[in-house]
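Residues per chain are reported as follows:
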Amino acid sequence: MLASHQNSMSDQHFTRTLNRNPFPENRADFFNSASIGLESTTAQSAATKSFKTWNDLLDRGQTSVAQLFDKVSDRITFFHNTTAGIQRIFLRLNQLIQSSYPTLLTTDLEYPGIVSLVDETWKGRIAMVSVAHLINSGRCAEVTDTLKRGILAAKPGIVYLSHIARGTGYRIDETILDFIRNIDRNIVIIIDGAQACGNIQLDDRSRAEADFYVTSGHKWICGKQTLGIVFADKRWSVEDPAQSYSNAKGSMGTGNSLALLSVQAAVADLNGETSEESPADRMADIERHNALLAEKFSEMLLDRCKLRSIAETNIAAGSEWRWNGIVAVPMPSVAVIDNLQDEKGDDWGVEFTYLKSELWRSNVGSTPAGKRFIVNCEGSNPDTFFDEVNLRGISIPDTGNYLSRFCFHYYHNLADVERLVDRIDRARTLRL
Amino acid sequence: MLSRFFKRSNKGGPSEKEEGTPTTPESHVESASHNPLVPCVLVVGDFRETDAIGFAKRAWKKIDAHYEAENAFFGPAPVPVANPLAPQGSHCIGFDEDRSMFDSPCVFPIPVNDFGRATSPTFQMHILELFKDHNIVGIISCGTADTNIGLAEAVRFIDVPVLLVLDSTLDGPELFIPNARELITGKMHKNEANAEQLVPNALQLIPNNALQAQAILSKVGVLSTNRPNPVVQLLCFPPDDPYVKDLRSAVESNVEETNRSKISPELVDITRFQVKKNAVLLCLGYYETLAAIPKSIKNCQLLLSDGFDERAAKSEKIEVGHYYQISPVFDPLEHALDAYKVVNRLWRDSQDLNPDDLPIRLRSKIQNVRELLEREYGDRYRFVGATNQRGGFYAKKVPMRRRRRFLPDPRQRL
């Protein structure tokens, strides 16, 4: 079952440390994989090794990463970073569109950089379905239905969704992809898997139904910064001729061999190459491990510090929560966050992300003429249902309570979680 | 809520349905849970018992009959609610889960009554509610220009093909370009224009008023032949009606552009209604216009625009032996059925995704509809932009059908 606390799954699992590459000394205090993951020492040293040819290096990288998907290496394309990969997807879509721009539908859970990107490049309409408030208020059980209604109402041609929301760790119900396909098989589905790939096992549905699955090599995959990875059918031709990552003959711009070497070594540890397990078994194990640590952390935080994570808020309200490595917690004050981040004596400062108030988009650049609107499925009249907006300067919905994000990965264990909770408790007391 | 506008029939066939009667759901379809994936098409128009022009009801009958003839896979279609205060009923749409919905040759038709108030927020919210709960793959508008103004406002953010069946207003399709208003008012720089603004999300199946104006003026020309100083009078009522304004503008533009020096329409004020003897009187409006005319029309050649319906032939206000009715070459009811069939086809074709032809997935639906209409019904459709150039209009001579008056026996007079 997907629901809430899975204590019955035995505490034994997460007390052990998974077999894995060695990580640097500060790994026990590093809870920031959703931002920039920790690179293993194996990946660090792999980056210094020589390689035969650039194409050979790319081929090996694609083959390793493909193990996390459907093992078909020619569906993997590398980019300088994730944003470059997504820009390339939108460039291709713009090239393929002939007479009219379909509506692009997304949610208010997306990364602001991506929202800026689509706002600046998409000439058609952008419909942003409002669901963040549901998650923040303990109503995550309503997200899937709300999203379905938004999709039915806006009739998009392109849907862009995060597999796991960056801010809260909310994992979409993958059956939404079947729903979209049943509504209209022509809808182009783009899944942002930056917080999923390496955190959870990629399910068959996400691989099969997504036209584009995008992720990055430096978050949960734990490679060196900053490769973007796009999984797509070869026929979409997402390779960027201006980038040497496109396996083109001859020199085509610069490419970062260090990042490729590092990512390949890092992925080898996630896809079972190193541990000689099947990729599915290995990632299932890692997913379970991350989820159990996250759940335990959330539970302990509530018991000892009286701090309720977004996940706990939803569980308390009777919603199911699909645990994964991300836990978002509204902290009592900035002082607690500062205390926690400060290095104290022998302790490393805890590395996590304080999700400060963010804007969807700054005032830089232009916005094409296509309208932008928030789809509020609870709207009681046409103007509140489709709320026409200018995405510039609008604040991203959050809890407003110093939301902080902690990430639990395969290099953590129960002792790390307990130590983290101790330190949060201390930081909280210090404030008092 | 939703079902305020339509309710389900509790009976099997269309012949058994009774308009406006509250029903209790009982078929297997109603007992099934609502399936939001079922493809639906909205048939929008004025379904009121009185005050409506009646076309929507006839078009609905035709569409419903076709759906029933094709086995009504998703259960009987709803019956239009004629009374806005009619009690709520179920509007669940489902089907036998053991079967694939793609076995259905037809999408599920839903009649939507605008009650002559399509611009009201209630109607627009009702449209949104329908979209929110159903997989609506197209809209067939069987209403007037007024209906389309409200409809365009309601679906301004929704990317769904709209097929205009009845309304011939020139800028009808342009209402369905979401950003057209900014372009028209000049608030947007020309360079910012994009494909979304240039391609309306609607196709006008009935020929537009430019073609109607051609037919009108050619008939006026014939009726004026051999008269040294022909008098052409023009009555436009209601003057602010979008259809009337549009048709008047099309007539005046045509006169100007084609340099018809002999035809110079004089505008008639309905409050000072005076038809000149032997004039050609051209009436642009609806059947209701006749009721507004203060006195009878006589001693003239009368032309009525396509907004008038067959009731004009019995009108007491017309005291001439015959009049000329401007009509589209093809029956608008056929256009309504074509619209339904093409939406069915569009939905079925969309299931046959060809992975080798990825760009086709990004084509606008309205473009697919247009190609289907031109391919499947080429004798009736050839579009330039969003308007159909095939068919056009013609002037039909209609004899008046007077009710026999009681005349006293001449012998008694003696």
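Residues numbered from 1 in each chain as written. Chains lettered and ligands numbered in written order. Predicted model: local features only at pLDDT ≥ 70, side-chain atom pairs only at ≥ 80, totals over all residues. Heavy atoms only, no water.

### A few points about the overall build of chain B
The condition is simple: Segments assigned H or I by DSSP are reported as helices when at least four residues long, segments assigned E as strands when at least two residues long, and all are numbered from the N terminus. Burial classes follow relative accessibility: with a 1.4 Å probe on protein chains only, a residue under 20% of its type's maximum area counts as buried, one over 50% as exposed, and anything between as partly exposed. The contact definition used throughout considers only heavy atoms, calling two residues in contact when any of these lie within 4.5 Å. Residue burial considers only the protein chains on display, and all accessible areas are found by Shrake-Rupley using a 1.4 Å probe.
A tally of helices and strands in chain B yields 12 helices and 15 strands. The proportion of buried residues among the 414 residues of chain B is 56%. Long-range pairs, those at least 24 residues apart, make up 73% of the contacts in chain B with a sequence separation of at least 6. Taken as a whole, chain B presents about 18,200 Å² of accessible surface, with 50% of it coming from carbon and sulfur.

### Details of the interface of chain B and chain A
The criterion, for reference: Accessible area, probed at 1.4 Å, shrinks when two parts are joined; the buried area is that loss added up over both. The term salt bridge refers to a side-chain nitrogen of Lys or Arg lying within 4 Å of a carboxyl oxygen of Asp or Glu.
Contacts between the two partners involve 43 residues from chain B and, on the opposite side, 44 residues from chain A. Of all residues in chain B, the largest losses of buried area upon contact with chain A belong to Lys132, Phe157 and Leu362 of chain B, amounting jointly to 21% of the total for that side. Counting across the chain B and chain A interface gives five salt bridges. Arg156 of chain B serves as the salt-bridge partner of Asp383 of chain A, at 3.0 Å between the closest nitrogen and oxygen. Looking at the side of chain B that touches chain A, the elements that each hand over two or more residues are α3 (121-133), β5 (135-141), α6 (195-198), α10 (332-351) and α11 (365-376) of chain B. No other element matches the seven residues that α3 of chain B contributes to the side of chain B that touches chain A.

### Comments concerning the packing of aromatic side chains
To describe a pair of aromatic rings, one takes the distance between the centres and the angle between the planes. Residue and element names in this part refer to chain A. Using the following cut-off: Think of it this way: a Phe, Tyr or Trp ring, Trp meaning its six-membered ring, pairs with another when their centres are within 6.5 Å, and the plane angle makes it stacked under 30 degrees, edge-to-face over 60, tilted otherwise.
The final tally for this structure, using the stated rule, is 25 aromatic pairs over all chains. Their ring planes at 80° and their centres at 5.7 Å tell us that Phe23 and Tyr410 sit as a pair that is edge-to-face. With Phe23 in the loop between α1 (12-15) and α2 (41-46) and Tyr410 in the loop between β12 (403-407) and α15 (414-431), this pair connects stretches of sequence that are 387 residues apart. By the burial criterion, Phe23 is buried, and Tyr410 matches it. For the ring pair Phe297 and Phe406, a centre distance of 5.3 Å and an interplane angle of 50° mean the geometry is tilted. With Phe297 in helix α11 (residues 279-305) and Phe406 in strand β12, this pair connects stretches of sequence that are 109 residues apart.

### Notes on the nonpolar core
Stated precisely, the cut-off is as follows: Take the buried residues of types Ala, Val, Leu, Ile, Met, Phe, Trp, Tyr and Cys, join any two whose side-chain atoms come within 4.5 Å, and each joined set is a nonpolar core.
Counting residues in hydrophobic clusters, the biggest one holds 178 residues, and the most contacted among them are Phe297, Phe406, Phe408 and Ile424 of chain A together with Leu42 and Phe131 of chain B. Looking at which element gives the most residues to this core, the answer is α11 of chain A, with nine residues. For Ile424 of chain A, the contacting residues outside a window of four places in its chain are Phe297, Leu301, Cys305, Leu307, Met331, Leu340 and Phe406 of chain A. The next biggest cluster of nonpolar side chains, apart from the first, holds 27 residues, and it includes Ala84, Ile86, Val214 and Val230 of chain A.

### So, the pairing of strand β10 (residues 279-285) of chain B
For a regular strand, side chains alternate in direction, first toward one face of the sheet and then toward the other. Residue and element names in this part refer to chain B. What counts, and what does not: Pairing between two strands requires that DSSP report at least two bridges joining them. The definition of a right-handed crossover adopted here requires that, viewed with the strands pointing away, the path from the first strand over the helix to the second runs clockwise.
The element β10 is extensively covered by neighbouring structure, given that seven of its seven residues are classed as buried. In β10, alternate side chains face the same way, and those of Ala279, Leu281, Cys283 and Gly285 on one face and Val280, Leu282 and Leu284 on the other are all buried. Relative to β10, strand β8 (residues 232-237) is paired through six bridges, and the arrangement is parallel. In the sheet register, Leu235 faces β10, and the bridge partner there is Cys283. Where β10 lies against strand β11 (residues 300-304), five bridges are found, and the strand directions are parallel. Note that in β11 the partner of Cys283 across the bridge is Leu304. Once the chain exits β10 it traverses helix α9 (residues 287-292) before rejoining the sheet at β11, and the crossover so formed is right-handed.

### As for empty space enclosed by the protein
Filter applied, for reference: Two kinds of site are reported from a 1 Å grid over the protein atoms alone, namely cavities, where a 1.4 Å probe fits but cannot get out, and pockets, open sets with protein on both sides within 12 Å along at least five of seven lines, and residues are called lining when an atom falls within 4 Å of a point. Grid points are joined across faces, edges and corners, and a volume is the space filled by probe spheres set on the points.
In the structure shown here, the tally under the stated rule is eight cavities of 30 Å³ or more. Taken as a whole, the largest cavity encloses approximately 280 Å³ of empty space. As for the largest cavity, its lining consists of 22 residues, and the residues nearest its centre are Lys155, Pro156 and Asp184 of chain A together with Asp159 and Lys365 of chain B. Those elements giving two or more residues to the lining of the largest cavity turn out to be β5 and α10 of chain B. Here the element with the most residues in the lining of the largest cavity is α10 of chain B; it accounts for three residues.

### Considerations on helix α7 (residues 209-224) of chain B
All names here are of chain B. Put simply, the rule is: In a helix, the anticipated span is given by 1.5 Å times the number of residues less one. Side-chain atoms alone can form a polar contact between residues adjacent in sequence; in general such a contact is a pair of N or O atoms within 3.5 Å, and within protein one must be able to donate a hydrogen while the other accepts it.
Between its terminal C-alpha atoms α7 stretches 22 Å, which fits the 22 Å expected from 16 residues at 1.5 Å a residue. Every buried residue of α7 is accounted for by Asn209, Leu211, Gln212, Ala213, Ala215, Ile216, Leu217, Lys219, Val220, Leu223 and Ser224. One side-chain oxygen of the residue at the start of α7 lies 3.1 Å from the amide nitrogen of Ala210, identifying that residue as Asn208.

### Quick look at the layout of surface pockets
All names here are of chain B. Quantified by volume, the largest pocket comes out at close to 630 Å³. What lines the largest pocket is a set of 29 residues, and nearest its centre among them are Arg58, Asp306, Phe308, Asp309 and Pro332. Taken together, the elements giving at least two residues each to the lining of the largest pocket come down to α2 (55-69), β12 (322-328), α10 and β15 (393-399). No other element matches the five residues that β12 contributes to the lining of the largest pocket.

### As for the side chain of Ser298 of chain A
Here Ser298 of chain A shows up in helix α11. According to the relative accessible area criterion, Ser298 of chain A is buried, its value standing at 0%.

### So, the sheet that holds strand β11 (residues 386-389) of chain A
All names here are of chain A. Spelled out, the test is: Comment: axis = line fitted to C-alpha atoms, over the contacting stretch for helices; angle = value between 0 and 180 degrees taken between N-to-C directions.
If you walk across this open sheet you meet the nine strands as β1-β7-β6-β5-β4-β2-β3-β10-β11, and the pairing is mixed. In the strand order of this sheet, the two ends are held by β1 (76-79) and β11, each with one partner. Neighbour to neighbour, the strand axes of the sheet diverge by 20° on average, direction disregarded. For strand β2 (residues 104-107) and strand β3 (residues 126-129), the ladder comprises four bridges, and the chain directions are parallel. Paired with Thr107 across the bridge in β3 is Val129.

### Brief notes about the pattern of salt bridges
Enumeration according to the criterion identifies 49 salt bridges over all chains in this entry. The residue Arg375 of chain B makes a salt bridge to Glu376 of chain B at a minimum N-O spacing of 3.7 Å.

### Quick look at the confidence of the model for chain B
Residues and elements named next belong to chain B. Our working rule: The predictor reports its confidence for every residue as pLDDT, a score running from 0 up to 100.
Within chain B, residue pLDDT values average 81, and 79% of them lie at 70 or more. In this model, residues 1-31 is a region of pLDDT below 50 whose contacts with residues beyond four sequence positions or in other chains number 91 contacts. Predicted confidence is poor over residues 179-192, with pLDDT under 50, and the contacts of this stretch with residues over four places away or in other chains come to 17 contacts. Both scores are available for the predicted complex, with the pTM at 0.87 and the ipTM at 0.89.

### Here's the deal with the sheet that holds strand β9 (residues 353-354) of chain A
Residues and elements named next belong to chain A. The sheet built from three strands is open, its strands ordered β8-β12-β9 with antiparallel pairing. Unpaired on one side and paired on the other, β8 (326-330) and β9 mark the two borders of the sheet. Bridge count for β8 against β12 is five bridges, and the pairing is antiparallel. Bridge pairing links Val327 to Phe406 in β12. Against the sheet, α11 engages β8 and β12, with an angle of about 20° to β8.

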